[in-house]
Amino acid sequence: VTTTVIGILTVLLFPGFERFVERQILGFSLPPSALLETYAMEIVTKLDKAELIKLVKEQVLPTLSIRESAVIYWGEELATPVIFTVGIAENELPTAKEIALLLNETNEYRPIAANKEEQLCPWVRLSLPLNVGDKPVGLWLLGRRDPDDLYKQREIPTLQALAAQTAIALANILQTENLHRLYQANIDNQESERTHLALELHDDILNQMALLAIYVDEQNVAPQFFEVFDKLTMRFRQTIRGLRPAMLNYGLRAALDDLVDQLPERMKDGMLLEFAVPPSTVRYPVNMEQHIFRIVQQAVEN
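All values reported here derive from a predicted model rather than from experimental measurement. (Residues numbered from 1 in each chain as written. Predicted model: local features only at pLDDT ≥ 70, side-chain atom pairs only at ≥ 80, totals over all residues. Heavy atoms only, no water.)

A. Up close: the packing of aromatic side chains. Evaluation of the coordinates by the stated rule reveals one aromatic pair. Judged by centre distance (6.4 Å) and plane angle (45°), the rings of Y109 and Y151 are tilted. Separated by 42 residues along the polypeptide, Y109 in the loop between helix 4 (96-102) and strand 3 (126-132) and Y151 in the loop between strand 4 (135-142) and helix 5 (156-214) bring together distant segments of the chain. Judged by relative accessible area, Y109 falls into the partly exposed class, the value being 27%. (Phe/Tyr/Trp six-rings, centres within 6.5 Å; stacked < 30°, edge-to-face > 60°. Helix = DSSP H or I, 4+ residues; strand = E, 2+ residues; numbered from the N terminus. Buried < 20%, exposed > 50% of the residue type's maximum accessible area, 1.4 Å probe, protein only.)

See the structure below:
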């Protein structure tokens, strides 16, 4: 009976005890048995490079007891192809020539050579290709590992799957970053064109209209002319302010104050506009002030 009770308790309690040891003593953030599945679900929510690197450094590598690692990615025009390193110095990273040689040794365990000086990147025990489709876009290099630096053959398929998921996640993140940069550049171009058009309208069209009014003979012009002329001039000024609010030169708060002053002219009867932002002289980057102003402007117009 005692043996039976102990056996039942062991079956029931051992998984929890094992998880406790993995988390508290060995420092495993993810259960090794569910590493692939958990990692696949986690990377879906990682929307930028920093979050992906944190996941790999703080959860994947500790779970695998890997103390040295580096990811090198050349699939995009990056300032530096090194995505991250763990436990190795910059001068230990492979050169372009060495990377080409390591690509010929992927997915194979590299035992420590008797003469380390003659071995290519002696700290690398296993190199995994990062492929997008059939095209290699990077390398995931794995080095020292507790307790004996050994990568068993049966483990390599799991590590290959992790590398494949990482490659896809990196490709998606970098593509998203590129799209964001293009979108930002498009916004900046629009603002630049608006500023240019506003200056042209202000310096050319309005000046020409002012000259036109000077040369008009009041006795031979219909009374409605000056009424239409004044409305047209006012409309031009409103358009210029909308294209490039001059008050943005004095800060976001000043520009929003000016926007509030203009809006009642176009508001329907019965509409009330309340501006409840505390006064401030704080300045932000020019692009940020432009974006915030445009967001508020469009929201109020809607």
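B. Looking closely at helix 3 (residues 49-63). When the terminal C-alpha atoms of helix 3 are compared, their 20 Å separation across 15 residues agrees well with the 21 Å that a helix rising 1.5 Å per residue should span. At V56, helix 3 shows its largest bend, some 35°. Those residues of helix 3 that fall on the buried side of the exposure criterion are L52, I53, L55, V56, V60, L61, P62 and T63. Where helix 3 begins, the capping side chain belongs to D48, and its oxygen is found 3.1 Å from the backbone nitrogen of A50. S65, located one to two residues past helix 3, shows a positive phi value of around 60°. (Expected span 1.5 Å × (residues − 1). Bend = angle between axes of the 7 residues up to and from the residue. Polar contact = N/O pair within 3.5 Å; in protein donor to acceptor, adjacent residues only side chain to side chain.)

C. Summary view of the sheet that holds strand 1 (residues 69-73). Read from one edge of the open sheet, four strands run 2-1-4-3, paired in antiparallel fashion. A strand with exactly one partner marks an edge of an open sheet, and here the two such strands are strand 2 (82-86) and strand 3. For this sheet the average axis-to-axis angle between neighbouring strands, irrespective of direction, equals 15°. Taken together, the seven bridges between strand 3 and strand 4 define a ladder with antiparallel strand orientation. By the bridge assignment for strand 4, S127 is matched with L141. Against the sheet, helix 3 engages strand 1, strand 2 and strand 4, with an angle of about 25° to strand 2. (Pairing = 2+ DSSP bridges. Axes fitted to C-alpha atoms, helices over the stretch in contact; angles between N-to-C directions. Contact = heavy atoms within 4.5 Å.)

D. Quick look at the nonpolar core. Formed by 32 residues in total, the largest nonpolar core has its most connected members in L130, W140 and L142. Listed by contribution, the elements that provide at least two residues to this core are helix 2 (35-44), helix 3, strand 1, strand 2, strand 3, strand 4 and helix 5. With 10 residues, helix 5 is the single largest residue contributor to this core. If we skip the residues at most four places from it in the chain, L142 touches L61, I66, E68, S69, W123, V124, R125, L126, L128, Y151 and L159. Formed by 12 residues, the second largest nonpolar core is a distinct cluster that contains A70, I88, L93 and L102. (Core = buried A, V, L, I, M, F, W, Y, C linked by side-chain atoms within 4.5 Å.)

E. Representation of the packing of helix 2 against helix 3 in the model. The interhelical angle for the contact between helix 2 and helix 3, taken along N-to-C directions, is 170°, at an axis separation of 11 Å. Classified by the interaxial angle, the pair formed by helix 2 and helix 3 is roughly antiparallel. From helix 2, L35, Y39, E42 and I43 reach across to helix 3, where they touch L52, L55, V56, V60 and T63. When its residues are assigned to classes, the contact of helix 2 with helix 3 shows seven nonpolar, one polar and one charged. (Parallel < 35°, antiparallel > 145°, perpendicular 65-115°, else oblique. Nonpolar A, V, L, I, M, F, W, Y, C, P; charged D, E, K, R; others polar.)

F. Layout of the side chain of R125. Here R125 shows up in the loop between helix 4 and strand 3. Of the buried charged residues, R125 lacks a salt bridge, with D149 as the closest side chain of opposite charge at 5.5 Å. Side-chain polar atoms of R125 contact the backbone oxygen of R110, separated by 2.7 Å. R125 has contacts with E108, Y109, R110, P111, I112, Q119, L142, G143, D149 and Y151, leaving out every residue within four places of it along the chain. (Lys, Arg positive; Asp, Glu negative; His and termini not counted. Salt bridge = Lys/Arg side-chain N within 4 Å of Asp/Glu carboxyl O.)

G. Main features of the side chain of E289. Structurally, E289 is set in helix 8 (residues 286-301). On the accessibility criterion, E289 (2% relative accessible area) is buried. Reaching out from E289, the side chain makes a polar contact with the side chain of R283 at a distance of 2.9 Å. A distance of 3.1 Å separates the side chain of E289 from the backbone nitrogen of Y284, its partner in a polar contact. Those residues in contact with E289 that sit more than four places away from it in its chain are L248, G251, L252, V282, R283 and Y284.

H. Expanded view of the confidence of the model for the protein chain. Summary statistics for the protein chain give a mean pLDDT of 80 and a share of 83% for residues scoring 70 or more. Looking at the elements of the protein chain, mean pLDDT is at its lowest for helix 6 (residues 224-243), recorded as 71, and at its highest for strand 1, recorded as 92. (pLDDT = per-residue confidence, 0-100.)

I. Representation of the pattern of salt bridges. Enumeration over the complete set of coordinates arrives at six salt bridges. Close ionic contact of R67 with D146 constitutes a salt bridge, the shortest N to O distance being 2.7 Å. In this pair, R67 sits in the loop between helix 3 and strand 1 while D146 sits in the loop between strand 4 and helix 5, placing the two residues 79 residues apart along the sequence. R67 sits in the partly exposed class, given a relative accessible area of 29%. Its salt-bridge partner being R283, residue E289 comes within 2.9 Å of it at the nearest N-O pair.

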